[in-house]
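# Geometric and topological summary
So you can see what is in the structure, the chains are spelled out below.
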Amino acid sequence: MKLWAGRFSKEADKKTNDFNSSIATDSRMYEEDITGSIAHATMLAAKGIISKEDSVQICTALAEIKEEIANGTLLIDPNAEDIHTFIEATLTERIGSAGKRLHTGRSRNDQVAVDIRLYLRKECDALYELVEKLIASIENKGDEYKGAIMPGYTHLQRAQPITFKAHLTAYVEMLKRDLGRLADAKKRMNVSPLGSGALAGTTYPIDRAMTAQLLGFDSYTLSTLDGVSDRDFCLELASVLSIIMVHLSRLSEEIVIWCSWEFKFVELDDAFSTGSSIMPQKKNPDITELVRGKSGRVFGDLMTLLTVMKGLPLAYNKDMQEDKDAIFDAFDTVKICVDTLIPMIDTMKAIPENMRKAAAGGFINATDCADYLVSKGLPFRDAYKATGEIVALCIKSGETLESLSLDKYREVCELFDEGVYEAIKLENCVARRGM
Ligand code: ARG
C-alpha cells in the first residue's frame, strides 16, 4: 500500500514501481533515517504537537527497528519505495496510530535531505581518518629511506637531484590540503534542513533549533526551499573526492613507472601485486593502475551530480533521487582506493641504489656546477653557458661531470678548481637545497 493511497485508485505498475524505487540505494541510510525520526518525534512531544506517550512509543519502536535491521532479523523490503517509507510503514505496523503521527510537520523532502547529510557526515569522518593513515604511511616510507637520493624530474626528464623523501612529501602536502577541503565541505554541509517540510515549512509550532541540536548540526537552513533542494554539499564533496583521486592517480602513475624495469626504483610486495596468465616473468602493479582508472569513475560521479542538478527549478524534484547513487559511489570508491593503497605503501620497498644510479646519469647536478661558477664571481648566464659546454663535452667523450678532469674543466673556464667536485656531489647538492 502506497503512502498516497488516498488520492489513487490503482496500485502502481510493477515496472514503474521498480523504476521509481530508491530502496536499493537508500537503505544504507536506515540508521540516519531513524536517528532523524527520533529527533523529530522528541521535538514534536516537547512542543506538545504529539503526546509524550506517543513519542516514547515511537522512539522505542524505532530503536528496536534499527537494532533488528542491524542484526539482520528485520529484512528491508526490496519492493518498498524508499527507506523512509519502509521504516514508517514498519513502525505503523508495530504501534498503530502513534506511528502514523510521526510524519506530522515533516515531508520526505526534508527527511531525505537530513538523512543524506547525516550519512555523508559519517562518510567524511571515515574518509578523513583513512586519508590521515595514508599520509602517515607515506611519511613513514620517506623516513625509512631517509638519505636516498633520486633524480627529480620535469617533463619526466632528469632535472635536479632530490631525495625520495622530498618526492613523497609533495604527496603528503596534497593530501593534507585534501583533508582541509574535506573538513571545510563537511562544515558547510552541517546545517539542518529538518522543518523545511515539502518546501514551505510547516504550520505546526515546531522547534527547528532543537532538532538541529539533537542531530549535531551547527545550525538550520534559513530558506525552507533551499533546505529541501540544496545538493551543493554533494557537488562540493564530489569535487573534493575528485581532487583526492587526481592526487591518488598521480601517485599511482609514479609507482607504475617506478616499478618498471627501466626505473626499478621500488618493488611492491607480492601480496599487493598480480601476475600474468601467460607471461611467467610478470609482476604487475595492478592496484595502482586500478586506482588510476577509478579516478575516472569518481570524476564521472561528479559529472552526474552536476548534470542532475543543472537547471532544476525549485524546490524538490525527483531528479534529485539520483544524487545518492553518485555520491555514495564516489565515497565508496575513494575509501577503497585509500584503504588499499595504505598497506601497499607500507610494504613497498624502495631501491635506493637504482635511484642513485639514475641520479648519477643525466647531468642533474649541472645547475650546481653553474652555481659553483657564480660563487666564483661569474654572472649566472655566463656560468650557465660554460656548464652547457662542459655537458656537451662530457656527452661527446662519454664522461660525467664527476669523472671529467680538472684540465678539461679549465679549458672551458679558468675559474674552475678542485672545489667543483665537492660542489657537484649529489649529497651536497641535495643538502644545500634542504631536500
Ligand atoms: N526517495 C526520495 C529521494 O531520494 C525521497 C524523497 C521523496 N520525495 C518526493 N517528493 N517524492 O529523493
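The preceding data block contains the structure.
Computed from a predicted structure; not experimentally measured. (Residues numbered from 1 in each chain as written. Predicted model: local features only at pLDDT ≥ 70, side-chain atom pairs only at ≥ 80, totals over all residues. Heavy atoms only, no water.)

## Here we look at the packing of helix H12 (residues 286–309) against helix H13 (residues 322–346)
To keep things clear, this is the line we draw: Between N-to-C directions, angles span 0 to 180 degrees; the directions come from axes that are lines fitted to C-alpha atoms, helices contributing only their stretch in contact. Going along the chain from the N terminus, every DSSP run of H or I of four or more residues is numbered as a helix, and every run of E of two or more is numbered as a strand. Orientation labels follow simple angle bins: below 35 degrees gives roughly parallel, above 145 gives roughly antiparallel, 65 to 115 gives roughly perpendicular, and whatever is left gives oblique. Whether a crossing is left-handed or right-handed is set by the direction in which the near helix is turned from the far one by less than a right angle, anticlockwise for left-handed and clockwise for right-handed. Should any heavy atoms of two residues lie within 4.5 Å, those residues are counted as being in contact. Three categories are distinguished: nonpolar for Ala, Val, Leu, Ile, Met, Phe, Trp, Tyr, Cys and Pro, charged for Asp, Glu, Lys and Arg, and polar for the others, with Gly belonging to the last.
Direction vectors running N to C along H12 and H13 enclose 160 degrees, while the axes themselves pass 9 Å from each other. Between H12 and H13, the interaxial angle falls into the category roughly antiparallel. Here the hand of the crossing between H12 and H13 comes out left-handed. When H12 is examined against H13, the residues Ile287, Thr288, Val291, Lys294, Arg297, Val298, Asp301, Thr304, Leu305 and Val308 are found in contact with a partner set consisting of Glu322, Asp323, Ala326, Ile327, Asp329, Ala330, Thr333, Val334, Cys337, Thr340, Leu341 and Met344. Of the residues in the contact of H12 with H13, the class split is 12 nonpolar, four polar and six charged.

## Description of the packing of aromatic side chains
Operational definition: For Phe, Tyr and Trp, rings pair up if their centres lie within 6.5 Å, where Trp contributes its six-membered ring, and each pair is then called stacked (planes under 30 degrees apart), edge-to-face (over 60) or tilted (otherwise). Burial classes: relative accessible area under 20% of the type maximum marks a residue as buried, over 50% as exposed, and values in between as partly exposed (1.4 Å probe, protein chains only).
What the rule picks out here adds up to nine aromatic pairs. Each ring, one from Phe164 and one from Trp258, has its centre 5.7 Å from the other, and the planes form 65 degrees; the classification is edge-to-face. Here Trp258 lies in helix H11 (residues 232–259) and Phe164 lies in helix H8 (residues 164–189), a separation of 94 residues in the sequence. You can call Phe164 buried: its relative accessible area is 0%. Trp258 gets classed as buried once you look at its relative accessible area, which sits at 2%. Geometrically, the ring pair formed by Phe380 and Tyr384 is tilted, given 6.2 Å between the ring centres and 55 degrees between the ring planes.

## Looking at the site of the ligand
Applicable threshold: Nearness here has a simple test: a residue counts as near a molecule or strand if at least one of its heavy atoms is within 4 Å of that partner. Pairs of N or O atoms within 3.5 Å make up the polar contacts considered here, provided that, within protein, one atom can donate a hydrogen while the other can accept it, and that residues adjacent in sequence are counted only when both atoms are side-chain atoms. What sets the accessible areas is the Shrake-Rupley method with a 1.4 Å probe; for residues, cover comes only from the shown protein chains.
Ser22, Asp26, Asp82, His84, Arg108, Asn109, Val112, Tyr316, Gln321 and Lys324 make up every residue found near the ligand. A distance of 2.5 Å is found between an oxygen atom of the ligand and a side-chain nitrogen or oxygen belonging to Tyr316. In the model, a nitrogen atom of the ligand is placed 2.7 Å from a nitrogen or oxygen of the Gln321 side chain. Here the ligand has 340 Å² of accessible area as a free molecule, and 87% of this is covered by the chains. In terms of residues, the shell around the ligand owes the most to one element, helix H7 (residues 108–144), which gives three residues. Among the residues making up the shell around the ligand, the classes are represented as two nonpolar, four polar and four charged.

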